[in-house]
2 protein chains.
Amino acid sequence: MSVIQGARERARREVTAAIKDEARRQLATEGAAKLSLRAVARELGMVSSALYRYFPSRDDLLTALIIDAYDAVGEAAEHALAGAGAAPVARWTAVCRAVRGWALEHPHEYALIYGSPVPGYAAPQATTASAARVGLALIGVVEDAYPAGVSPAPAAPSLPHEVLDDAEELRKTLDVRLPAPVLAEIAAAWAELFGLVSFEVFGQFNRVIEARDAFFARAATRLAQNVGLAVGGE
Amino acid sequence: MSVIQGARERARREVTAAIKDEARRQLATEGAAKLSLRAVARELGMVSSALYRYFPSRDDLLTALIIDAYDAVGEAAEHALAGAGAAPVARWTAVCRAVRGWALEHPHEYALIYGSPVPGYAAPQATTASAARVGLALIGVVEDAYPAGVSPAPAAPSLPHEVLDDAEELRKTLDVRLPAPVLAEIAAAWAELFGLVSFEVFGQFNRVIEARDAFFARAATRLAQNVGLAVGGE
DNA sequence: CCAATATCGAGAGCACTGCTCTTGCTTTGC
DNA sequence: GCAAAGCAAGAGCAGTGCTCTCGATATTGG
């Protein structure tokens with residue numbers, strides 16, 4: 001485990017990366033369903049069986065791509081946050097816009113993670129950390145604005161205790177200093193955000209919504225409002 | 001084209017239905033990715049090439065299943081509406097619950113229509129009518145409540161004109177008597193509803209939200225509130 | 001009623017897939 | 001320097017979507 005572990009390990013890393021790159025390329029052009037190990041190997045000038053030294057199965061390759069994709073959206077969200085100002089609503093919508101932008105640029109990768117779960121029907125455990133990043137970014141925005149810019153119970157009937165229990169559990173494991181009801185509201189907004197993005201990416205808005213930029217901006221602001229962020233003029 | 005068109009056409013209908021049934025069965029157990037024409041044919045006691053007399057390709061079979069699935073959710077929504085009372089919010093949440101219930105009962109069929117679009121990457125034109133049914137049900141609920149129970153511009157910044165143009169277009173083609181801003185709000189809620197359902201069905205709520213019934217009920221009520229329906233005590 | 005026609009099922013076959021196993025070659029660690 | 005481990009290559013298996021041909025059956029026009 002020295003810092004320079006010989007040509008072998010180095011080569012292994014490079015080949016692994018090359019495989020993922022080529023797989024991502026095919027993913028972008030053909031979609032996940034048509035991603036073929038043999039085609040990837042062929043394009044890389046290796047025989048298909050050699051590829052199995054790096055990924056034990058097609059699903060394992062896909063899982064690796066899934067984790068990378070989660071990290072990519074997460075990074076996009078965090079990067080947008082770094083470049084945003086201090087106004088809570090602006091920070092919130094910046095995260096939303098970043099997610100949408102990444103999704104529109106990488107529709108197939110987006111479909112891989114937020115569309116139908118392709119392998120096994122349950123996302124592998126290894127993905128959860130990366131998958132949480134966008135949610136954490138959203139929570140961070142509201143947390144930074146708390147308590148000044150957040151109205152804890154925004155004109156809503158009180159939540160049932162089971163939901164509050166979930167939110168309280170979340171509050172403790174994430175060590176977040178937001179009240180449980182706000183956290184529950186963020187969870188809903190989190191899911192709703194991806195509903196908006198998915199409908200656009202997957203073509204559900206075709207012939208329904210055409211001014212998608214403006215529509216999304218409005219909806220993202222509405223989500224900010226739902227989680228208690230004070231929009232201008234209220 | 002008489003009313004009884006001989007044994008041939010009758011047989012054709014039955015075989016077509018049997019193929020779709022068997023395909024749906026395999027879809028439910030294995031998922032769309034593993035749906036195999038040969039396996040369907042095998043299970044039906046026919047040879048694979050014979051199946052091509054009924055569906056020219058695998059994607060065509062999937063498209064047929066997609067349309068059926070859209071109609072099934074739509075019917076679930078409409079049926080729920082028929083059994084709901086007169087209170088607008090209750091009617092709205094009844095549609096939401098029906099969609100969620102159907103999705104949880106038929107996760108793979110749900111994934112087929114609201115997950116990654118499997119064939120060609122664009123839903124065929126033939127699906128649009130069936131795909132619209134849930135949205136139309138939601139619009140119907142708000143329209144029935146209008147104008148008494150709807151606040152047209154619920155504490156929101158005025159919409160940009162492009163969004164209003166889209167909504168106005170929609171208003172005319174659907175011949176609906178709701179103001180354009182309300183229609184735009186419904187479109188957002190429509191997408192957000194499926195965001196909530198997708199996150200639950202696709203496992204994104206695992207280890208995050210456990211009290212899903214109550215959580216969803218709350219979120220659905222929030223959506224009703226967003227479109228301007230007056231929730232109790234406001 | 002019978003012949004022309006259209007429809008259908010069966011089978012063989014093509015090109016492709018994921019995956020396994022064996023055979024040698026090369027790099028690594030002692 | 002040598003045994004051990006890592007590696008690419010090739011053959012092979014079972015499965016896939018899809019096409020084509022060939023008889024059998026059903027429908028329809030004369």
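Before reading on, note that the structure itself is shown above.
Residues numbered from 1 in each chain as written. Chains lettered and ligands numbered in written order. Predicted model: local features only at pLDDT ≥ 70, side-chain atom pairs only at ≥ 80, totals over all residues.

> Give me the interface of chain B and chain A: which residues, what numbers.
Contact with chain B, which involves 47 residues of that partner, is made by 46 residues of chain A. Those elements that provide at least two residues to the side of chain B that touches chain A are helix 9 (161–174), helix 10 (180–201) and helix 11 (212–226) of chain B. The leading source of residues in the side of chain B that touches chain A is helix 10 of chain B, at ten residues. For the side of chain B that touches chain A, the class distribution of residues is 29 nonpolar, nine polar and nine charged. (Contact = placed C-beta atoms within 7 Å. Helix = DSSP H or I, 4+ residues; strand = E, 2+ residues; numbered from the N terminus. Nonpolar A, V, L, I, M, F, W, Y, C, P; charged D, E, K, R; others polar.)

> Quick rundown of the relation of the copies chain B and chain A? Include the residues and the values.
Superposing chain B onto chain A takes a rotation of 180 degrees combined with a translation of 0.0 Å along the rotation axis, leaving an RMSD of 0.0 Å. Considering both components of the superposition, the chain copies are consistent with a two-fold axis. Nearest to the rotation axis, the C-alpha of Gly195 of chain B is located 1.7 Å from it, this being the minimum over chain B. Counting the interface residues of chain B, we find that 98% of their copies in chain A are interface residues as well, pointing to one common contact surface. (Least-squares fit on C-alpha atoms with pLDDT ≥ 70 in both.)

> Explain the protein's contact with DNA strand C to me, using residue names and the numbers behind them.
Taken together, the neighbourhood of DNA strand C is formed by 21 residues, with Gly6, Ser49, Ser57 and Arg58 of chain A together with Ser49 of chain B sitting nearest. Contributing elements (two or more residues each) for the surface near DNA strand C: helix 1 (6–30), helix 2 (37–43), helix 3 (48–51) and helix 4 (58–83) of chain A together with helix 1 (6–30) and helix 3 (48–51) of chain B. The class makeup of the residues in the surface near DNA strand C is eight nonpolar, six polar and seven charged. (Near = placed C-beta within 6 Å.)

> Hey, could you go over the packing of helix 10 (residues 180–201) of chain A against helix 11 (residues 212–226) of chain A for me, with residue numbers and the actual values?
Residues and elements named next belong to chain A. At a minimum axis distance of 9 Å, the contact between helix 10 and helix 11 shows a crossing angle of 170 degrees. Judged on the interaxial angle alone, helix 11 and helix 10 are roughly antiparallel. On helix 11, the residues that touch Glu185, Ala189, Glu192, Leu193, Leu196 and Glu200 of helix 10 are Arg212, Phe216, Ala219, Leu223 and Asn226. Tallied by class, the residues present in the contact of helix 10 with helix 11 amount to six nonpolar, one polar and four charged. (Axes fitted to C-alpha atoms, helices over the stretch in contact; angles between N-to-C directions. Parallel < 35°, antiparallel > 145°, perpendicular 65-115°, else oblique.)

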